[in-house]
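Read off the chains here:
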Amino acid sequence: MTEDIKIGLALSGGGSRAIAFHLGCMRALHDHGILDKLSVLSSVSGGSVIAAQYAYSEDEFDAFDAKVCSLLRQGFLHGIIRQTLLSPETVRIATTQLTAGVASVFGSLVGIFGSCVRGVGLPHEIVDKIVRITRSPLTRRASRTTAFERHLRMNVFGDQKVNDVRRDDLQVLINAAELRTGTAFRFGSEESGCWRYGKLTSPQRVSKAVAASAAFPALLPALDERIEFEKAGKRHQDRVIITDGGVYDNLGVTPLLPGRSKEFSTNIADVDYIICCDAGQGMPTGSDLPYFWRSRMLSTVGTIHRRTHVLTYKLLHELESSGKIKGFLLPYLGQIDSRLPYRPGDFVPRDRVFDYPTDFSPMQEKDIELLSKRGEQLTKILLQHYHPCL
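Structure report, in brief. (Residues numbered from 1 in each chain as written. Predicted model: local features only at pLDDT ≥ 70, side-chain atom pairs only at ≥ 80, totals over all residues. Heavy atoms only, no water.)

### Observations concerning the pairing of strand 7 (residues 223-231)
For the record, the criterion: In this scheme, strands are said to pair when DSSP sees at least two bridges between them. Under the scheme used here, helices are H or I runs from DSSP no shorter than 4 residues and strands are E runs no shorter than 2 residues, and both carry numbers assigned from the N terminus.
Of the pairings in the sheet, the one linking strand 6 (residues 198-200) to strand 7 comprises 2 bridges and is antiparallel in character. Bridge pairing links K199 to E230 in strand 7. Relative to strand 8 (residues 234-244), strand 7 runs antiparallel, the two being bridged by 9 bridges. Looking at strand 8, one finds that K231 is bridged to K234. Counted between consecutive antiparallel strands, the loop separating strand 7 from strand 8 contains 2 residues, among which A232 sits at a positive phi close to 55°.

### Some details on the packing of helix 1 (residues 15-31) against helix 3 (residues 61-74)
As a reminder, the rule being used: Between the N-to-C directions of two axes lies an angle of 0 to 180 degrees, each axis being a line fitted to C-alpha atoms and, for a helix, fitted only over the stretch in contact. In this scheme, roughly parallel covers angles under 35 degrees and roughly antiparallel covers those over 145, while 65 to 115 is roughly perpendicular and the rest are oblique. Take the far helix as the reference: if the near one is turned anticlockwise from it by less than a right angle, the crossing is left-handed, and if turned clockwise, right-handed. Any two residues whose heavy atoms approach within 4.5 Å are treated as being in contact. In the scheme used here, Gly and all other residues not listed as nonpolar or charged are polar, with Ala, Val, Leu, Ile, Met, Phe, Trp, Tyr, Cys and Pro taken as nonpolar and Asp, Glu, Lys and Arg as charged.
Close contact between helix 1 and helix 3 brings their axes to 11 Å; oriented N to C, the two are set at 165°. With respect to each other, helix 1 and helix 3 are oriented roughly antiparallel. Here helix 1 runs over helix 3; the crossing is left-handed. Mapping the contact onto sequence places S16, I19, A20, L23, M26, R27 and H30 in helix 1 and F61, F64, D65, V68, C69 and L72 in helix 3. Looking at the contact of helix 1 with helix 3 residue by residue, the classes come out as 9 nonpolar, 2 polar and 2 charged.

### Some points on the side chain of T181
Threshold: Note on exposure labels: buried denotes an accessible area under 20% of the residue type's maximum, exposed denotes more than 50%, and partly exposed covers the range between, all computed with a 1.4 Å probe on protein chains only. Within 3.5 Å is the distance limit for a polar contact, defined as a pair of N or O atoms, with the added protein rule that one can donate a hydrogen and the other accept it, and that residues adjacent in sequence qualify only through two side-chain atoms.
With respect to the helices and strands, T181 occurs in the loop between strand 3 (171-178) and strand 4 (183-188). Given a relative accessible area of 17%, T181 falls into the buried group. Within the local environment of T181, its side chain forms a polar contact with the side chain of T183, the two groups lying 2.7 Å apart. Beyond its immediate sequence surroundings of up to four residues, T181 is in contact with R196 and Y197.

### Considering a nonpolar patch on the surface
For the record, the criterion: Exposure above 30% relative accessible area and the lack of any salt bridge qualify a residue for a patch; like charges then connect within 9 Å, and the nonpolar side chains Val, Leu, Ile, Met, Phe, Trp and Tyr within 5 Å. Method for areas: the Shrake-Rupley scheme with a 1.4 Å probe, in which residue coverage is limited to the protein chains shown. By definition, a salt bridge exists where a carboxyl oxygen of Asp or Glu is found within 4 Å of a side-chain nitrogen of Lys or Arg.
A surface patch of nonpolar side chains, about 410 Å² in accessible area, is lined by L77, I81, L85 and L86. Checked against the element boundaries, L85 lands in helix 4 (residues 77-85).

### With respect to the packing of aromatic side chains
Rule in force here: Side-chain rings of Phe, Tyr and Trp, where Trp is taken by its six-membered ring, are said to pair if the distance between their centres is within 6.5 Å; with planes under 30 degrees apart they count as stacked, over 60 as edge-to-face, and otherwise as tilted.
Under the counting rule described, the total for this entry stands at 10 aromatic pairs. Considering the side-chain rings of Y54 and F64, the 5.5 Å spacing of their centres and the 70° angle between planes classify their relative orientation as edge-to-face. Taken together, the residues span a long stretch of sequence, with Y54 in helix 2 (residues 46-55) and F64 in helix 3 at a distance of 10 residues. Grouping residues by exposure puts Y54 and F64 together as buried.

### Side note on the packing of helix 2 against helix 8 (residues 206-213)
Axis separation between helix 2 and helix 8 bottoms out at 8 Å; the angle between their running directions is 160°. Considering the angle they form, helix 2 stands roughly antiparallel to helix 8. Helix 2 and helix 8 meet at a crossing whose hand is right-handed. Across the interface between the two elements, S48, V49 and A52 from helix 2 touch V206, V210 and S213 from helix 8.

Function-wise, these values are silent; they only describe arrangement.
Here it is as structure tokens:
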């Protein structure tokens, strides 16, 4: 059946937890002969790390598997710190922090001034224009995220461009979000850009695409730069603020959905079957107390993601029922185990892995094994029970 249909694989966000879980899912797809037959690979955040490792490598699967495990054991945190403090990025980051700090203080004072002068009758259009011009006049040319990009470039992807896919007949979409317009920003093997600004006129590095896709706002600043676009036959430069793709769609499914128009979307992907690997936790136990800033932010993001994920699951069911897609598969880390059709004797239960953090710290071997094994087991169970024809 896989010879007759176009299959799209979406790998969700979720930091190192997602990378390990997706590795297991990909093992199962490889064992069933599906991985080599993918038409489209769409990814977000942590999912983009492993997606890029696969798409931009010619390694046999076992070698790819070993490299992913090695990268998980090393983590990215030390690399980001090293590139932040002990590389050519260090001076640029320090300078940017200084100028951004001054600009931030100045912008705040202007905002306060604007609030005051509105009260004495100065036209609000003039005040708002002054505030907009002065609040963020300087681009953030260097940050922990550019240090992350440098680490990825020097140690993982080199200078490869997003259009240099090494897997035959595979379209790659690395999803990010553009904060000025609140739209998707996609780095693709066929085209890159967003519908509000247009398409990029030059190919981007894989390292930059992955760093942008994985720049979780609470930990890594957004990429801030001016890029040349082409839209309606005209070239122009615009300032973009690009952050983690999970802000827009943490599953990476959106580019695979039918009925999308090139008038409003870049990277239209035509697929018949969607495999969505979701490294989300599922329903929380209620034992946590989101009291301090970090826990509140993580709980907020988790709640938003869960809600949007549920809506996406519902949409996939509706698309299959209406015949707009031929089917879908949903290996889900947070899956309630009792609802599975069956469980093998060595099954890894949800409770052992669901609360693993989503950062990029080094992982222990046992955690890699548990997360990847659950991904592999869930994918095989669902394939064998619901879609044996694949």
